[in-house]
Amino acid sequence: MNNRFWRIESRPEGNDFAGALALVDAPLAPLAEGEIRIRNSHLSMDAGTRLWLTSREDGYQPPLPLGIPMTGLVLGEVTESRAQGFVPGDLVRAFGQWADISTVDAVMSGAIVLDPSVADRRAWFGPLGMNGWTALWGVEQTGAAKPGERVLVSAAAGATGILAVQIAKLLGCEAWGIAGGAEKCAYLTGELGIAGAVDYKAGDVGAQLDAAKTNGSGFDVYFDNVGGALLDQVLTRMNHYGRIAVCGLLADYSSGTRTAPAEFDQVLMRRLRVEGFFSPDFMHEGPALTERLRGWYEAGDLVMPYDVTRGLENTLAAYAKLFTGGNIGKVIVELEQ
Ligand SMILES: NC(=O)c1ccc[n+]([C@@H]2O[C@H](COP(=O)([O-])OP(=O)(O)OC[C@H]3O[C@@H](n4cnc5c(N)ncnc54)[C@H](OP(=O)(O)O)[C@@H]3O)[C@@H](O)[C@H]2O)c1
């Protein structure tokens, strides 16, 4: 039996993914002991995977080798299993391949059997998935947000950010977002009802952040998905003893640059705590995080718009949206079944 998949041919330059990945068709190898086969129904597009496509060796995981299928989170049904705890028909989420069919080691891929009674299975990527875990952990644990505090989130209209602003609000904080464009900012304040949104593509971000101050008070927590120049603007608007939860560094992913904050001295001047966090480090907390997220999700308090592209052959266009800002909410590729 053959399988179509996206193979990494070279390291992408900027957002030229078509120049680096190729859709190929090859026979499936027999299943090894411990492996499962998943018929992918959905692929999750995650901005952090852009780092895995670079050649840098000092990241939080080694670069993906050239010549292998592109790795990413997938949802789908098990069609074949040689792993304990997985039987054909199970709905699973795993780190699989951008392919029609994923073949994974059940343990190494973090495969988990999902409750099929959740009506919209895409939620297992968003509110009930890694984005949900990351948002909740970053706001509550790393950011240590307390009720009444002012929490600012960058890339706030993307999958992780949309959940982070809602969770901040649910925890009793005053939530603010930074996003690119009036439509995204209107979504955040109108649909989600957060306190305010700053459009970083519309002129002076510093002035907009100053206008967001209340009685001179800036922000207690910054959930940062971006880094770069935006971080400098926020550093000078943090309240004393504030926390910066470093979730991602989108400003540097496509260019391969590494920006150092020019305003770093504010960490001392304002006695800030700056801490990075990484979801695989708290994977073991997944079930407990999911339970809390599911409570909010089922009550209708945690919502997620989906940006859906159909067809494996269109995956690269979906992926590029993460870096050009083409999405509101979770970017997903839906595959024909
Ligand atoms: N630490 C962890 O464990 C962990 C786990 C999951 C995700 N993350 C991080 O979370 C962040 C969001 O990832 P995601 O997969 O949820 O993607 P996403 O937020 O759905 O999409 C990325 C969004 O970021 C914005 N963006 C892109 N380039 C930007 C730039 N140079 N400056 C400002 N904004 C930019 C775009 O919206 P605009 O129109 O607003 O520009 C885009 O829609 C990433 O940094 C990712 O690495 C971290």
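Rules used in this analysis
- Residues numbered from 1 in each chain as written.
- Predicted model: local features only at pLDDT ≥ 70, side-chain atom pairs only at ≥ 80, totals over all residues.
- Helix = DSSP H or I, 4+ residues; strand = E, 2+ residues; numbered from the N terminus.
- Rg over C-alpha atoms; globule rule 2.2 N^0.38 Å.
- Buried ≥ 20, exposed ≤ 12 C-beta atoms within 10 Å, placed from the backbone.
- Contact = placed C-beta atoms within 7 Å.
- UniProt positions renumbered as here; feature names shortened; annotations may be inferred.
- Pairing = 2+ DSSP bridges.
- Axes fitted to C-alpha atoms, helices over the stretch in contact; angles between N-to-C directions.
- Near = placed C-beta within 6 Å.
- Nonpolar A, V, L, I, M, F, W, Y, C, P; charged D, E, K, R; others polar.
- Domains from an automatic or database assignment.
- Right-handed = clockwise from strand over helix to strand, strands pointing away.
- Expected span 1.5 Å × (residues − 1).
- Core = buried A, V, L, I, M, F, W, Y, C linked by C-beta atoms within 7 Å.
- Parallel < 35°, antiparallel > 145°, perpendicular 65-115°, else oblique.
- Left-handed = near helix turned anticlockwise from the far one by under 90°.

Caption draft 1: Region of interest: the overall build of the chain. The helix and strand inventory of the chain stands at ten helices and 15 strands. Relative to a compact globule of 337 residues, whose C-alpha radius of gyration would be 20 Å, the chain shows 20 Å and is just as compact. By its C-alpha atoms, the chain is 65 × 40 × 35 Å across when sized along the principal axes. Taking all 337 residues of the chain together, 45% fall into the buried category. Considering only contacts within the chain whose residues lie at least 6 apart along the sequence, 64% involve residues at least 24 apart.

Caption draft 2: The arrangement of the UniProt feature "domain: Enoyl reductase (ER)" (unreviewed entry) in the chain in detail. Mapped onto this numbering, the UniProt entry annotates "domain: Enoyl reductase (ER)" (unreviewed entry) at residues 19-333. Its end C-alpha atoms 20 Å apart, residues 19-333 is made of 27% helix and 27% strand.

Caption draft 3: The arrangement of the sheet that holds strand S8 (residues 150-153) in detail. Spatial ordering of the open sheet is given by S10-S9-S8-S11-S12-S13, a layout of six strands whose pairing is parallel. Of all the strands in the sheet, just strand S10 (196-199) and strand S13 (273-276) have a single pairing partner and so form its edges. Ignoring which end each strand starts from, the neighbouring axes of this sheet average 15 degrees apart. Where strand S11 (residues 219-224) lies against strand S12 (residues 238-246), five bridges are found, and the strand directions are parallel.

Caption draft 4: Looking closely at the site of the ligand. In the vicinity of the ligand lie 30 residues, with Gly48, Gly158, Gly180, Gly248 and Gly325 positioned nearest. By residue class, the composition of the shell around the ligand is 15 nonpolar, 13 polar and two charged. Here the shell around the ligand spans two domains, and each of domain 1 (2-126 + 305-334) and domain 2 (130-280) adds at least three residues to it.

Caption draft 5: Representation of the pairing of strand S9 (residues 174-179). Judged by how many residues are buried, S9 sits mostly within the fold: six of six residues are covered. Residues Glu174, Trp176 and Ile178 of S9 are buried on one face, and the alternating residues Ala175, Gly177 and Ala179, pointing to the opposite face, are buried as well. Taking the sense of rotation as the criterion, the β-α-β connection linking S8, helix H3 (residues 159-170) and S9 turns out right-handed.

Caption draft 6: Quick look at helix H2 (residues 130-142). Compared with the 18 Å implied by 1.5 Å per residue over 13 residues, the 16 Å span of H2 between its first and last C-alpha is markedly short. Across the 13 residues of H2, eleven count as buried, placing the element largely inside the fold. Taken as a whole, H2 has its buried residues at Met130, Asn131, Gly132, Trp133, Thr134, Ala135, Leu136, Trp137, Gly138, Val139 and Thr142.

Caption draft 7: The nonpolar core, seen in detail. If you look at the biggest cluster of nonpolar residues, it comprises 95 residues, and the most contacted ones within it are Val151 and Ala156. A per-element tally of this core places H3 first, with seven residues. The contacts of Val151, once residues within four sequence positions are left out, are Val139, Gly143, Ala145, Ala168, Cys173, Glu174, Ala175, Trp176, Phe219, Asp220, Val221 and Phe223.

Caption draft 8: The domain arrangement of the chain, seen in detail. If you check the domain split of the chain, you get domain 1 (2-126 + 305-334) and domain 2 (130-280). Relative placement of domain 1 and domain 2: their C-alpha centres are 28 Å apart. Facing 17 residues of domain 1, the contacting portion of domain 2 comprises 17 residues. Mapped onto the side of domain 1 that touches domain 2, the elements with two or more residues apiece are helix H1 (49-52) and strand S15 (330-334). Taken together, the residues that form the side of domain 1 that touches domain 2 break down as seven nonpolar, eight polar and two charged.

Caption draft 9: A look at the packing of H2 against H3. In contact at an axis separation of 8 Å, H2 and H3 are set at 45 degrees when each is read in the N-to-C sense. Judged by the inter-axis angle, H2 sits oblique to H3. Relative to H3, the crossing made by H2 is right-handed. Note on element contacts: H3 touches H2 through Ala159, Thr160, Leu163, Ala164, Ile167 and Ala168, opposite Asn131, Gly132, Thr134, Ala135, Leu136, Gly138 and Val139.

Caption draft 10: Expanded view of the pairing of S10. Pairing of S9 with S10, which is carried by four bridges, proceeds in the parallel orientation. Each bridged residue has a counterpart across the sheet, and for Ala179 the counterpart in S10 is Asp199. At this point the chain moves from S9, through helix H4 (residues 182-191), to the parallel S10, and the crossover so formed is right-handed.

Caption draft 11: Main features of the packing of H2 against helix H9 (residues 286-298). Axis separation between H2 and H9 bottoms out at 10 Å; the angle between their running directions is 90 degrees. Judged by the inter-axis angle, H2 sits roughly perpendicular to H9. Only Gly286, Leu289, Arg292 and Leu293 of H9 make contact with H2, whose side of the interface consists of Gly132, Trp133, Leu136 and Trp137. In terms of residue class, the contact of H2 with H9 is made up of five nonpolar, two polar and one charged.

Caption draft 12: Main features of the environment of Val165. Secondary-structure assignment places Val165 in helix H3. Residue classification places Val165 among the buried positions, given that 28 C-beta atoms sit within 10 Å.

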